[in-house]
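# A structural walkthrough
Spelled out from the first residue to the last, the chains are:
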Protein chains: 2
Amino acid sequence: MIRKLAIIGVGLIGGSMARALREEGVVQEIVGCGRSKPNLERAVELGVIDHYTHDIGEAVRGADLIVLAVPLGAMEATFRAMQDHLADDAVITDVGSVKGSVVEDAVKVFGEAPAFLVPGHPIAGTERSGVEASFPELFRNRRVILTPLDNTDPQALQKVEQAWRHCGADLSYMAVAHHDEVLAATSHLPHMLAYSLVDSLARMKENDEIFRYAAGGFRDFTRIASSNPVMWRDICLANREALGGMLKRFADELHGMADALEKDDAEGLLEIFERAKAARDRYIDGVE
Amino acid sequence: MIRKLAIIGVGLIGGSMARALREEGVVQEIVGCGRSKPNLERAVELGVIDHYTHDIGEAVRGADLIVLAVPLGAMEATFRAMQDHLADDAVITDVGSVKGSVVEDAVKVFGEAPAFLVPGHPIAGTERSGVEASFPELFRNRRVILTPLDNTDPQALQKVEQAWRHCGADLSYMAVAHHDEVLAATSHLPHMLAYSLVDSLARMKENDEIFRYAAGGFRDFTRIASSNPVMWRDICLANREALGGMLKRFADELHGMADALEKDDAEGLLEIFERAKAARDRYIDGVE
């Protein structure tokens, strides 16, 4: 049983977690914390949280589970604001898409990675945001990656594991750096590509016409470019080392593709396309 | 009324067009032509075509409307095979995703662009293929771009327009080269990116794990990499001039993004992401 759950950032992820735990009846009190008063008031109206405050210190006071669902760029300040107000049994987890930067931010504030911090990342979401978009089933049968450190308190880990299990999530475990490499490949790089492509088309002279003739494939391909720009700026910067390398390697591959086109290399292109189709059909279609 | 409709290539597009025209009751006889006997037999069973032949010359004999729904790489050979068997009132249209190469192929065979050729391109499709995937509503409210030439016979154009209207399509008109530029941007480049990305991830050491942690955004982003590789090899090569240039420019943009990451250029990234989101939400979401 969670005595007091503090959700810092009551948006899609934080709100959905609160809803799921409430539905399971495993939490006594839920406090929401954030900057937008209308969003927090709506969260109370919707029954997602019991009450709210704009003050992080007040939110975490007496809380035994604290969920940080703020943009990565706000993590350090959030740690700092709560640092002197934590209960003795407080456990902190987060839902950030990059784990290395969260651990670094915690080290900056606490001097070392705190034993009560369990970095986490639910692989779930939609391109919508805000508490209105939240729903209790968001994490059901979705993966949540936890990246505990060597010094993480086993009881803290267990508390976070239990909370995610109540949300219906499948737990996975990774080292921090490995998580950031894997997510750079499957999530952060695709977002960079989608944003770049849409932006470069939007800057073309006849962009009106170009978008008018876009088909369903283009809509799917660019859906992630409708994601929250601030959140994604923070993610890309927080994971800039892994992501920057991949971005450059991929740019070089595209130059290779352009060369293949120029040389009329039908076999080379077909090989790439066939390998890609086989990989996608094998790995992805099974879960669609 | 269409006396005899010859569908060369009875797949998703050719099959759906036959079904739509049949449903409208505007065609007396439909002959299918292709190489795969099981596919053609299935097309007869499904009532998509009345009968079939593997011989293009036989298929077009007496046909007043001929639809070329073969891969772009097969266009020239297809024109050649039908050239001596066309009826006096034969009208040819095609459904290729590149229009310049189709016109060039026709010129190679007929000496000049034939007045009875109306190049066309329906902006419709799914990543599935084959006659099994075809359905009569595929083109309903979808755009079909026609790129008639200066010497195109107005009556031939009218015949093709009528057929598409019976399929429920919205007709648009473009110059050949302009079509190929617009489609390179919205369709051919995204396919190249999706194929390249999936292939480069599949070639990574831990590709199993990488795909396992891919989320919904990645599935949408890479859906087009499940498209037919032969068809797309042909499209990319057929449009290599417009596409190659765009590919290189885009690769350079990605290097610019990598630089922005390295320099921690938060403002620059946010600007790109915000512009992209605004463009996508404005142009695309309206039609989702």
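No experiment lies behind these values; they were computed from the predicted model shown. (Residues numbered from 1 in each chain as written. Chains lettered and ligands numbered in written order. Predicted model: local features only at pLDDT ≥ 70, side-chain atom pairs only at ≥ 80, totals over all residues. Heavy atoms only, no water.)

The next subject is the sheet that holds strand S6 (residues 117–118) of chain A. Residues and elements named next belong to chain A. The strand order across the open sheet built from six strands is S3-S2-S1-S4-S5-S6, with neighbouring strands paired in parallel fashion. This sheet does not close on itself; its edge strands, each paired only once, are strand S3 (51–53) and S6. Pairing geometry for strand S4 (residues 65–68) and strand S5 (residues 91–94), over four bridges, is parallel. Note that in S5 the partner of Leu-68 across the bridge is Asp-94. Strand contacts of helix H1 (residues 12–24): strand S1 (2–8), strand S2 (27–33) and S4, with the helix running at about 160° to S1, the strand carrying the most contacts. (Pairing = 2+ DSSP bridges. Helix = DSSP H or I, 4+ residues; strand = E, 2+ residues; numbered from the N terminus. Contact = heavy atoms within 4.5 Å. Axes fitted to C-alpha atoms, helices over the stretch in contact; angles between N-to-C directions.)

Quick look at the domain arrangement of chain A now. Residue and element names in this part refer to chain A. When the domains of chain A are assigned, the result is domain 1 (2–174) and domain 2 (178–287). Centre-to-centre, using C-alpha coordinates, domain 1 lies 30 Å away from domain 2. Each partner contributes residues to the interface: domain 1 has 16 residues there, and domain 2 has 14 residues. Both faces combined, the contact of domain 1 with domain 2 buries some 1,100 Å², and carbon together with sulfur accounts for 70% of it. At the boundary of domain 1 and domain 2, one finds zero salt bridges. Taken together, the connections running from domain 1 to domain 2 amount to five residue pairs in polar contact (both at pLDDT 80 or more). When grouped by side-chain class, the residues that make up the side of domain 1 that touches domain 2 number seven nonpolar, seven polar and two charged. (Domains from an automatic or database assignment. Buried area = accessible area lost by both parts, 1.4 Å probe. Salt bridge = Lys/Arg side-chain N within 4 Å of Asp/Glu carboxyl O. Polar contact = N/O pair within 3.5 Å; in protein donor to acceptor, adjacent residues only side chain to side chain. Nonpolar A, V, L, I, M, F, W, Y, C, P; charged D, E, K, R; others polar.)

With that settled, consider the side chain of Asp-220 of chain A. Locating Asp-220 of chain A in the fold gives a position in helix H9 (residues 216–222). Setting aside residues no more than four positions away along its own chain, Asp-220 of chain A makes contact with Asp-220, Phe-221 and Arg-223 of chain B.

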